[in-house]
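So the chains spell out like this:
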Amino acid sequence: MALIVHKYGGTSMGSVERIQNVAKRVAKWMRAGHQVVVVPSAMSGETNRLLGLAKDINPEANPRELDQIASTGEQVSSGLLALALLREGVDAVSYAGWQVTVHTDSSFTKARIKSIDDKKILADLNAGRAVVVTGFQGVDPQGNITTLGRGGSDTSAVAMAAALKADECLIYTDVDGVYTTDPRVCEDARRLDKITFEEMLEMASLGSKVLQIRSVEFAGKYKVKTRVLSSLTDPLMPLDIEMKSGTLITFEEDSTMEAAVISGIAFARDEAKITVLGVPDRPGIAYQILGPIADANIDVDMIIQNQSYEGKTDFTFTVPRAEYQKALDLLKSGVQAHIEAKEITGDPKVSKVSVVGVGMRSHVGIASKMFRTLSEEGINILMISTSEIKISVVIDEKYMELAVRALHKAFELDQK
């Protein structure tokens, strides 16, 4: 008998029929003798609908009230799933995050989990019940309902698995695992049987939307064995097949992973590049440029500072495209004159493409192969960033899909 946490996304909970299928799947695991905790998301589109109503009422909606409203989506889906399980003949009970309790800080709309009380859940599990706990939410020290931000149910599920010392956390979604790249961009993309937490963390941070990055961080920190698999398969498929399906995210590297060298190609479409030209090369100049950007809550990704020439240097960095104009206006109005910069330019139509793989640690020539492949396709590299298991480049947006397909082929990711 194993203790398993199941997480189901909004698509998996998107209709009465799909909720009933989730109940059939959970019932199958229960009847096989396993203890199961289920963490469901709100029904597909429900959170957007609720937040849309809030913004219609008050465009400057208070974050506390937004959490009060948004949290109801998961409560509805949890209650519906508990009813579906009861109809399947499975004893089940549902809880909201504040009933369990999932303790968070007070950062409304983007709270972080601090701890989870497991006594009530363990008592129900030991009594033979399936326990359904709302994802995406918790309660702060003042008793306010909080939410964890977009994709927060992934984090809820992994945190629950860590608190309960579960044998495995199964993330059921509308895709059947983690792919070498997005199949919509490259038709030769292949599902991976295994990927390390480090690689998954890089893939998530670089644009892969399979898992929320915080959930991967949590899984890696607490060594939670995590598997990504599809909820759209037959809910009554044999358990021994389901237990081996999807992609296992593991903290153990093995020789086959190392042999692969590169595990995947990640990309982010919506990037923008800003260059501050001719700034004095003196201590603190990077902070004088990026400090106001950080104060405006704008995320900065890649950063390059050129070699100084005659006491001047150029400073280039990337931001999300949606924040480009805000960042540009901020620099031109409040920073350029202060730091005596010659000019500030930008390009809102760039993309980032990255190759990721733990095998890089023991193989040379990855960067040269990547750069040669892009050169052969006539793709100019605007920026380069590297880490131990990743190389990222910024290129013109119009070449992004070509770059992904070319690199996928060059590193033979279509080969098992």
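Residues numbered from 1 in each chain as written. Predicted model: local features only at pLDDT ≥ 70, side-chain atom pairs only at ≥ 80, totals over all residues. Heavy atoms only, no water.

1. Things to note about a negative patch on the surface
Next up, step 1: Residues Glu187, Asp188, Glu412 and Asp414 make up a contiguous surface patch of negative charge.
Next up, step 2: With respect to the helices and strands, Asp188 occurs in the loop between strand S9 (168–173) and strand S10 (194–196).
Next up, step 3: Residue class for Asp188 comes out partly exposed when judged on its relative accessible area of 42%. (Patch = residues over 30% accessible without salt bridge, like charges linked within 9 Å, V, L, I, M, F, W, Y side chains within 5 Å. Areas by Shrake-Rupley, 256 points an atom, 1.4 Å probe, with all protein chains shown as cover. Salt bridge = Lys/Arg side-chain N within 4 Å of Asp/Glu carboxyl O. Lys, Arg positive; Asp, Glu negative; His and termini not counted. Charge placed at Lys NZ, Arg CZ, Asp CG, Glu CD. Helix = DSSP H or I, 4+ residues; strand = E, 2+ residues; numbered from the N terminus. Buried < 20%, exposed > 50% of the residue type's maximum accessible area, 1.4 Å probe, protein only.)

2. As for the pairing of strand S15 (residues 312–320)
Next up, step 1: Inspection of the sheet shows strand S13 (residues 264–280) paired to S15 by eight bridges, in the antiparallel sense. From the neighbouring strand, Val276 faces S15, where its bridge partner is Phe315.
Next up, step 2: Here three bridges tie strand S14 (residues 303–305) to S15, and the two strands are oriented antiparallel to one another. Of the residues in S15, the one forming a bridge with Gln305 is Phe315.
Next up, step 3: Once S14 ends, the chain turns through six residues before running back antiparallel as S15, passing Glu310 with a positive phi of about 55°. (Pairing = 2+ DSSP bridges.)

3. Some words on the side chain of Glu199
Next up, step 1: Within the secondary structure, Glu199 sits in helix H8 (residues 197–205).
Next up, step 2: For Glu199, a relative accessible area of 1% puts it in the buried group.
Next up, step 3: Among residues more than four places away in sequence, those in contact with Glu199 are Ser263, Val356, Gly357, Val358 and Ile389. (Contact = heavy atoms within 4.5 Å.)

4. What to know about the side chain of Asp182
Next up, step 1: Tracing the chain through its elements places Asp182 in the loop between S9 and S10.
Next up, step 2: Classification of Asp182 by relative accessible area gives buried; the value is 19%.
Next up, step 3: The residues contacting Asp182, other than those within four sequence positions of it, are Ala189 and Phe267.

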